[in-house]
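Secondary and tertiary structure notes
Next come the chains, spelled out residue by residue.
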Amino acid sequence: MLEEQYREIRERVDAACLRAGRKPEEVTLIAVSKTKPAEMIQQVYHAGARDFGENRVQELLEKEPLLPGDIRWHMIGHLQTNKVRQIVGKVCLIHSVDTLHLAEEIQKESEKRGICTDILLEVNAAREESKYGFFLEEAEEAAVRIGQMPNVRIRGLMTIAPLVRCGEENREVFRNLYKLYVDMKTKNIDNGTMTELSMGMTGDFETAVEEGATMVRVGTGIFGARQKREIGK
Ligand SMILES: *Cc1c(COP(=O)(O)O)cnc(C)c1O
């Protein structure tokens, strides 16, 4: 059943790509497996998923050794600086870099290990009080500063859009983030490493793909409902 749900979401991503004149392979579907057990993740893996997202360091570290080694783990939740040590080197991408201080910690830890860590800047594109992230007008300055850190590589931008009843309601939010993304790429602030735009969840991923997302993060739509709502803060 989970295999089918995964395939159905993937098909909807592909269809949204075609509607927007984009190639389906441009968009990575990240299966958000937070709160779900390893057995369920295994089923989705069997359907072909290789990218999985978790929002808690502890939970990610517990599941990772139980699952196939070719899974690409994405840290998508708010990251406390005191957890950086545990997560650097374990994930392919940290989506949720929301302060310069956090970026500095990632820099320090990556330097210690002699690695380069890929990150996204989290942008609070709708200026919600309840959300982490840089405001749209702060992102460029942050990217300039983080761009000087030799062991951190900015791969793009991420946002958690407002919870809405219909995905269409977030189109403007996605469009604004896409504009910023293109603008930052044009100015070459990132030295050409920015290729990812992580936006869209179960309720609005099709709109996000139409507006330029290269990564969508879908939990409920693949794994079913969670007990608690654990999004953003
Ligand atoms: C939980 C979560 C998601 C997935 O949410 P769904 O609505 O279940 O698809 C995506 N992104 C982040 C950052 C999350 O915490």
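Scroll up a little and you will see the structure.
Starting afresh in each chain, residues are numbered from 1 along the sequence in its written order. Per-residue local features are limited, in this predicted model, to residues with pLDDT of at least 70; the limit for side-chain atom pairs, both in listing and counting, is 80 or more; totals at the level of whole chains, interfaces and linings are taken over all residues. The side-chain quantities take in all heavy atoms of the structure and omit both hydrogens and water.

Observations regarding the side chain of S198
The criterion, for reference: What counts as a helix is a DSSP run of H or I of at least four residues, what counts as a strand is a run of E of at least two, and both are numbered from the N terminus. The rule is simple: take the accessible area with a 1.4 Å probe, protein chains only, and divide by the maximum for that residue type; under 20% is buried, over 50% is exposed, in between is partly exposed. By the criterion applied in these results, polar contacts are pairs of N or O atoms within 3.5 Å in which, for protein atoms, one can donate a hydrogen and the other can accept it, and in which residues neighboring in sequence qualify only through two side-chain atoms. In this analysis, two residues are considered to be in contact whenever any of their non-hydrogen atoms come within 4.5 Å of each other.
Tracing the chain through its elements places S198 in strand β7 (residues 196-198). Judged by its relative accessible area of 0%, S198 is buried. At a separation of 3.0 Å, a polar atom in the side chain of S198 contacts the side chain of H95. Non-local contacts of S198, meaning those with residues more than four positions away in its chain, are made with H95, L120, L157, M158, T159, M215 and R217.

Re the packing of aromatic side chains
We apply this condition: Between 30 and 60 degrees the pair is tilted, below 30 it is stacked and above 60 it is edge-to-face, where a pair is any two Phe, Tyr or Trp rings, Trp via its six-membered ring, whose centres lie within 6.5 Å. Charges are assigned to positions over rings by a cutoff of 6 Å between ring centre and Lys NZ or Arg CZ, combined with an angular limit of 35 degrees from the ring normal.
Enumeration over the complete set of coordinates arrives at two aromatic pairs. With centroids separated by 6.1 Å and ring planes inclined at 45°, the aromatic side chains of F52 and W73 adopt a geometry described as tilted. You can see F52 sitting in strand β2 (residues 51-54) and its partner W73 sitting in strand β3 (residues 72-75), a full 21 residues away along the chain. Exposure remark for F52: the relative accessible area of 0% places this residue in the buried category. Ring plane angle 45° and centroid distance 6.2 Å describe the contact between Y178 and Y181, whose orientation is recorded as tilted. Placement of the pair is Y178 and Y181 together in helix α7 (residues 171-186), with a separation of three residues, close to one helical turn. By relative accessible area, which is 35% here, Y178 ends up partly exposed. Over the ring of Y45 we find R50; its NZ or CZ atom is 3.6 Å from the centre of that ring. Above the plane of the ring of F135 lies R127, whose end atom (NZ or CZ) is 3.9 Å from the centre.

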